[in-house]
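# Chains, contacts and geometry: an overview
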Amino acid sequence: MFETSFSWGDLQYMLQGAWVTILLTVISMIIGTLAGVVCGMARALLPRSTIPLAWVLDVFRSVPLLIQFVLFNALKSIAGLDWSAFTVACIVLGLYVTAYGTEIVRSGVLSVPLNLRRASRSLGLSYWQDLRQIVMPMATRVAFPGWVNLLLSVMKDTALVMWIGIVELLRASQTIVTRIQEPLLVLCIAGLIYYVMSLVIARIGARLETRWQEND
Amino acid sequence: MFDYTFQWRAAFKALPDMLQGAWVTFETAALSMILGVIIALCLVFMRQGKNLILKGFAATWISIARNTPSLFQVYILYFGLGSFGIHINSWVALLAGITINNAGYLAENFRGGLKAVPDTQLRAARSLGMSAPQAYRLIVIPQLLRIVFYPMTNQMVWAVLMTSMGVVVGLNNDLTGVTQNYNVMTFRTFEFFAIAAVLYYLIAKLIVGLARLLSWRLFRY
């Protein structure tokens, strides 16, 4: 029972898959965070005129990621663009992160009391100075736990990119399962890798959070 | 650049089948949500209790459910259980996977909500002569549900979105499965999946609306 044909090479293959998972997560988080900050600030500061933006982003949150991947992949072929599946995955995940990130940033910005901003304005700061030096630092602290949660959930959602043919951690483990026919062992290893990655991110996030609060 | 002719008519012919698939999706999501809430409540009370085994069990469940992808959970139920000679069909695997995931996330929400219900409420209920189960059922849980209602509607939408993963383990009668069947037959990927996306959007909105309707009992005071 304890004999296994799981080899060192298989583990390396899975770790390569894990690297693709990390890469996808990081790239989509960068795209999504940048766009999310812009959209979130716009949503918080100009709530009326950006309502259509909220509707559009709501669509990305209400349609399964799997469908979004397939749809975007098809659209890419229709438009005749020669992009790799990896690019498509990054863009779709980036949009997905943007949709959630916007809400996180918005709630962060709205949590800064208006009186504080009035005070900074009356001390002679300009509108942009107030945004950059007063609102942003305070909003970051409020938004940070939500951002870490988003990071964790995106890392787990990257598992879905296997559907458009990218070999990431779960797909790699499935390939190995197909070959050596020991699903439980291989899947447990894959699960362990995911578990460790999430745990590391969660720990770092929690530590940063407490460190920032020490300065209050 | 755009030399592609959209064939919406063929796609709309498939609409009745897709609506049937949408109903399966809706059912699966609703079932997993109901089971998830019940299990999550059990997990929360297990975690609060004194029994170390139950405590450990609940903590393990929650951390595994929250730290691994939901697709992985469905996978291990579908392929992994086969090693023990247990073969379940893909719908059961999907339902069980989503339920495990929902229960883990909801348990965390409920734990936060339970902290927000004052201790004195429970003690007052007990001193009015209610038994412990009565006090929990009539006093604590209604207040708890009220606090966690909005996170719960989020989880409901997630449950709907997660049902789309059934297709990866070979489910073919839910919305994504039906769509994929038509896609394989006709290769009109964009049209079919666009309709599926619209249907998913509608289901998600419908579920949130239904939850709001049902919640009038919670928010009547």
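Note that this is a predicted model, so its numbers are computed, not measured. (Residues numbered from 1 in each chain as written. Chains lettered and ligands numbered in written order. Predicted model: local features only at pLDDT ≥ 70, side-chain atom pairs only at ≥ 80, totals over all residues.)

Time to look at the overall build of chain A. In terms of regular secondary structure, chain A is built from eight helices and zero strands. Each helix (α) and strand (β) of chain A, taken in turn from the N terminus, gives the series α-α-α-α-α-α-α-α. Projected onto the principal axes, the alpha-carbon positions of chain A cover approximately 75 × 50 × 25 Å. Per-residue burial over chain A gives 39% buried out of 216 residues. Across chain A, the fraction of contacts at a sequence separation of at least 24, relative to all contacts at a separation of at least 6, is 79%. (Helix = DSSP H or I, 4+ residues; strand = E, 2+ residues; numbered from the N terminus. Buried ≥ 20, exposed ≤ 12 C-beta atoms within 10 Å, placed from the backbone. Contact = placed C-beta atoms within 7 Å.)

Now for the overall build of chain B. Helices and strands together make up the secondary structure of chain B, namely 10 helices and zero strands. Projected onto its principal axes, the C-alpha coordinates of chain B cover approximately 75 × 45 × 30 Å.

Each side of the interface is counted separately: chain A has 28 residues, and chain B has 30 residues. Secondary structure elements with two or more residues in the side of chain A that touches chain B: α2 (51-62), α3 (65-78), α7 (169-180) and α8 (183-214) of chain A. A per-element tally of the side of chain A that touches chain B places α8(A) first, with nine residues. The residue makeup of the side of chain A that touches chain B, split by class, is 23 nonpolar, four polar and one charged. (Nonpolar A, V, L, I, M, F, W, Y, C, P; charged D, E, K, R; others polar.)

Let us look at the environment of A:Ala74. Tracing the backbone shows A:Ala74 in helix α3. When the 22 C-beta atoms within 10 Å are taken as the criterion, A:Ala74 is described as buried. With 10 residues separating them in the primary sequence, A:Ala74 and A:Ser84 have C-alpha atoms 12 Å apart. Dropping the residues within four chain positions of it, A:Ala74 is found in contact with B:Thr189, B:Phe190 and B:Phe193.

Time to look at the packing of helix α2 (residues 15-48) of chain B against helix α5 (residues 90-116) of chain B. In helix packing, the relevant descriptors are the interaxial angle and the interaxial distance, both defined with respect to the helix axes. All names here are of chain B. Viewed as axis vectors pointing N to C, α2 and α5 meet at an angle of 45°, and their least axial separation amounts to 7 Å. Judged by the inter-axis angle, α2 sits oblique to α5. Crossing of α2 against α5: the hand is right-handed. Contacts from Thr28, Leu31, Ser32, Met33, Leu35, Gly36, Val37, Ile39, Ala40, Leu41, Leu43 and Val44 in α2 reach Leu94, Leu95, Ile98, Thr99, Asn102, Ala103, Leu106, Ala107, Phe110, Arg111 and Leu114 in α5. Of the residues belonging to the contact of α2 with α5, the class tally is 17 nonpolar, five polar and one charged. (Axes fitted to C-alpha atoms, helices over the stretch in contact; angles between N-to-C directions. Parallel < 35°, antiparallel > 145°, perpendicular 65-115°, else oblique. Left-handed = near helix turned anticlockwise from the far one by under 90°.)

Let's shift gears to the nonpolar core. The biggest cluster of nonpolar side chains holds 114 residues, and the ones touching the most others in it are B:Ala196 and B:Tyr200. Among residues more than four places away in sequence, those in contact with B:Ala196 are A:Ile67, B:Met18, B:Leu175, B:Thr176 and B:Thr179. (Core = buried A, V, L, I, M, F, W, Y, C linked by C-beta atoms within 7 Å.)

Next up on the list: the environment of B:Asn89. Residue and element names in this part refer to chain B. Structurally, the position occupied by Asn89 is in the loop between α4 (70-78) and α5. By the C-beta count within 10 Å, which is 11 here, Asn89 ends up exposed. Taking C-alpha positions, Asn89 is 9.1 Å from Val169, a pair spaced 80 residues apart along the chain.

Residue and element names in this part refer to chain A. It is at 10 Å that the axes of helix α6 (residues 127-157) and α8 come closest, and there the two elements cross at 175°. On the basis of the axis angle, α6 is roughly antiparallel to α8. The segment α6 lies against α8, with Arg141, Phe144, Pro145, Val148, Leu151, Leu152 and Met155 engaging Met197, Ser198, Ile201, Ala202, Gly205, Glu209 and Trp212. Across the contact of α6 with α8, the residue classes tally to 10 nonpolar, two polar and two charged.

Okay, unusual backbone geometry next. Despite not being glycine, A:Gln181 has its phi angle at roughly 55°, a positive value. Structurally, the position occupied by A:Gln181 is in the loop between α7 and α8. Of the residues examined, A:Gln181 has 11 C-beta atoms within 10 Å and is grouped as exposed. Phi is positive for B:Phe187, which is not a glycine, with a value near 60°. Mapped onto the secondary structure, B:Phe187 falls in the loop between α9 (175-186) and α10 (189-214). Of the residues examined, B:Phe187 has 10 C-beta atoms within 10 Å and is grouped as exposed.

What follows covers the confidence of the model for chain B. All names here are of chain B. The share of residues in chain B with pLDDT of 70 or more is 98%, and the mean pLDDT across the chain is 87. Mean pLDDT across the secondary structure elements of chain B bottoms out at helix α1 (residues 8-13), with 78, and peaks at helix α3 (residues 52-67), with 91. Of the two predicted TM-score estimates for the complex, the pTM is 0.87 and the ipTM is 0.84. (pLDDT = per-residue confidence, 0-100.)

To continue, consider helix α8 (residues 149-162) of chain B. Over its 14 residues, α8(B) runs 20 Å from end to end, which matches the ideal 20 Å to within 8%, given 1.5 Å per residue. Of the positions making up α8(B), those classed as buried are B:Met152, B:Gln155, B:Met156, B:Trp158, B:Ala159, B:Val160, B:Leu161 and B:Met162. (Expected span 1.5 Å × (residues − 1).)

Attention now goes to the environment of B:Arg66. Residue and element names in this part refer to chain B. Along the chain, Arg66 turns up in helix α3. Judged by the 19 C-beta atoms lying within 10 Å of it, Arg66 is partly exposed. For the pair formed by Arg66 and Val198, sequence separation is 132 residues and the distance between their alpha carbons is 28 Å. The residues contacting Arg66, other than those within four sequence positions of it, are Gly104, Tyr105 and Glu108.

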